[in-house]
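Observations on chain architecture
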Amino acid sequence: MQTPTIADVLEARRHLRPHLGPTPARSFPGLDRAAGTSVLVKHENTNPTSAFKVRGGLNLIGTMPSVERRRGVVGYSTGNHAQSLAYAARTFDVPCTIVMPDNPNPTKAQAVRDLGAELVEAGQTFDDCRSYAESIAQERGMRLVSAANERPIIAGVATLYLELIEDAPDLDAIVVPVGSGSGAAAACLVAESLAPSCRVVAVQSSASPAAYESWRAGEIVEPPNRTRAEGLATGSGFELPQHIFRERLAEFVLVDDDQIRDAQRIMLHEAHTLAEGAGAAALAAVLAYPDSFRDQRVALVCTGANASAAEIGAAVVEPVMASSVHG
Ligand SMILES: *Cc1c(COP(=O)(O)O)cnc(C)c1O
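Since the model is a prediction, treat every value here as computed from it, not as a measurement.

Calculation rules
Within every chain, residues take consecutive numbers counted from 1 along the sequence as written. In view of the model being predicted, local features appear only for residues whose pLDDT reaches at least 70, and side-chain atom pairs are presented and counted only at 80 or more, with totals across whole chains, interfaces and linings using the full set of residues. Just so you know, side-chain values use all the structure's heavy atoms and leave hydrogens and water out. One heavy atom within 4 Å of a molecule or strand is enough for the residue carrying it to be called near that molecule or strand. Polar contact criterion, stated in full: a pair of N or O atoms within 3.5 Å, where within protein one must be able to donate a hydrogen and the other to accept it, and residues adjacent in sequence count only if both atoms are side-chain atoms. Using a 1.4 Å probe, the Shrake-Rupley method yields the accessible areas, and only the shown protein chains count as cover for residues. Definitions used for this entry: grid spacing 1 Å over protein atoms alone; cavity, a set of points where a 1.4 Å probe fits but cannot get out; pocket, an open set with protein on both sides within 12 Å along at least 5 of 7 lines; lining residue, one with an atom within 4 Å of a point. Whether a molecule sits in a cavity or pocket is decided by its atoms, more than half of which must lie within 2 Å of the grid points. Following the grouping adopted for this structure description, the nonpolar residues are Ala, Val, Leu, Ile, Met, Phe, Trp, Tyr, Cys and Pro, the charged ones are Asp, Glu, Lys and Arg, and the polar ones are all others, Gly among them. Only DSSP runs of H or I with at least four residues qualify as helices, and only runs of E with at least two residues qualify as strands; both kinds are numbered from the N terminus onward. The span expected for a helix works out to 1.5 Å for each residue beyond the first. Whether a residue is buried, partly exposed or exposed follows from its accessible area with a 1.4 Å probe, protein chains only, as a fraction of its type maximum: under 20%, in between, or over 50%, in that order. A pair of strands is labelled paired if DSSP reports no fewer than 2 bridges between them. In what follows, residue pairs with any heavy atoms lying within 4.5 Å of each other are defined as contacts. By definition, disulfides here are pairs of cysteine sulfur atoms that lie within 2.5 Å. Grid points are joined across faces, edges and corners, and a volume is the space filled by probe spheres set on the points. In this document the domain limits rely on a domain assignment from an automatic tool or a database. Here the quantity called buried area is the accessible surface, traced with a 1.4 Å probe, that two parts lose on coming together, added over both. For this analysis, a salt bridge means a side-chain nitrogen from Lys or Arg found within 4 Å of a carboxyl oxygen belonging to Asp or Glu.

This part covers the site of the ligand. Not every one of the 16 residues close to the ligand is listed here, only the nearest: K53, S180, G181, S182 and T303. G179 is positioned such that a nitrogen or oxygen atom in its backbone is 2.7 Å from an oxygen atom of the ligand. In the complex, the protein chains occlude 98% of the 370 Å² of accessible area that the ligand would expose alone. In a pocket analysis with a 2 Å cut-off to the grid points, the ligand is assigned to the largest cavity. Of the residues assigned to the shell around the ligand, the class counts are 5 nonpolar, 9 polar and 2 charged.

Quick look at the structure:
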C-alpha cells in the first residue's frame, strides 16, 4: 500500500472545495486556563455529519471511477466512518450499504438512515461486521471501503491539517485522537511537509489501545477493545497508518475513559462545544500530561460531536467529588 504524498493532499483539497468549507480554529480563555497552556481547537465538529471523517469519504467516493460508482460502496463502522460514506454516497448519487454491530449508537444509526444509506446490523463485534460487509461486497460487486487502509481517505482527511497549519503556522504540537489512525497519519504527512518543527501527538483510550500497542510493537497487534468512546473503539492496528506512524509519529499517549469524560465536560463548559468522547480525547491528553505541553501553542482536534443522549447527560453533570473539592 502506497503512502499518500503532500501532492495527493493538495489534490484532495481541490476535489473537496466544491463540497466542504474550511472549519474554524478557535481559542477560548477559559480553556487555556483549564488546560494550563495555549490551546487552539480545530472544530471538525462543524463539518456536515459533525465529524472530520466526511473529508475522507468525499475524497474517496468523489474520485472513484464511474463503473465503481454505479455498483456502489459498502462499509462497516461503529458510526462516523459510516456517516461519512453515506453522506458522500448521497452527494455523488452512489448506492451505499453500511454494516454496524447490533444495537449501535442510535444517534449514529439514525443519521446513516437519514442520509439514505441501507443499514444492516450484523453481529456483536467489529469482526462480525467486517466479514458480513466482505460478503456483501462480493455478492453485489460493491467497493468495500476500509476505515483507514485507503490512500484517498487519508489524503482527504489531511486537508484539515492543511487548513490548521495555514491558520496557525507557529504551532508546537497537534494532538490527534486515534482509532484506526487515519487522522493522526494525515497529520504526520502534512506536518512533515509544512511544519516540520510541530510535533504530532497521537492519543488513544487505554481501554482500546490497538493503534498504540501496534506502534510500540512495530507490528499489528489486537489488544482488548472496551472503550466507551466509539470513535476510538478499534480492536486492531491498521496497516497504512501504522506504516506512516513508524516513520513519522513523534509521540503516542493513552488516557482513560474517565479522563475523556472529564475533558468532554470541560469542552462543554469552557468552549461551549459538544464533543463526543473521541472528540474530547485530545484535550484529555493535554490535561493528563501537562508537563509535555506547558508554554506551548497546542492544537486540539475536536474530531466529532456525535454523542448519544446518555453520553451528553454524563458530560453535563459535574462529578460529585471533583466539584465539591474545587467548588
Ligand atoms: C474515527 C474517529 C476518530 C479516530 O480517527 P481515526 O482516523 O480512526 O484514528 C476520532 N474521533 C472521532 C469523532 C472519530 O469519528
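Next comes the rest of the account.
The subject of this paragraph is helix α8 (residues 151–167). Compared with an ideal rise of 1.5 Å per residue, which puts 17 residues at 24 Å, α8 spans 25 Å between its outermost C-alpha atoms and is within 8% of the ideal. Burial analysis of α8 places 13 of its 17 residues in the buried class, the great majority of the element.

Taken in spatial order, the 6 strands line up as β1-β2-β10-β7-β8-β9 in an open sheet, and their pairing is mixed. At either end of the open sheet lies a strand with only one pairing partner, and these are β1 (25–26) and β9 (251–255). Bridging between strand β8 (residues 199–205) and β9 involves 5 bridges; their strand directions are parallel. Note that in β9 the partner of V203 across the bridge is V253.

This part is about helix α11 (residues 239–248). L240, P241, Q242, I244 and F245 are the residues of α11 that are buried. Elements that come into contact with the buried residues of α11 comprise α8, α9 (182–194), α10 (210–217) and β9.

What follows deals with the state of the cysteines. Within the structure shown, the criterion is met by 0 disulfides. C129 supplies the cysteine sulfur nearest to C96, a cysteine that is in no disulfide, at a spacing of 14 Å. For C129, a relative accessible area of 0% gives the class buried.

This structure, assessed with the given rule, holds 3 cavities of 30 Å³ or more. Space inside the largest cavity adds up to approximately 330 Å³. Forming the boundary of the largest cavity are 31 residues, of which K53, G179, S180, G231 and L232 lie nearest the centre. Secondary structure elements with two or more residues in the lining of the largest cavity: α5 (80–91), α9 and α13 (277–288).

This brings us to the domain arrangement of the protein chain. We note that the domain assignment places domain 1 (6–51 + 151–315) and domain 2 (54–145) within the protein chain. Inter-centroid distance (C-alpha atoms) of domain 1 to domain 2 is 23 Å. For the pair domain 1 and domain 2, the summed buried surface comes to about 2,000 Å²; carbon and sulfur atoms form 60% of the total. The interface formed by domain 1 and domain 2 holds 4 salt bridges in total.

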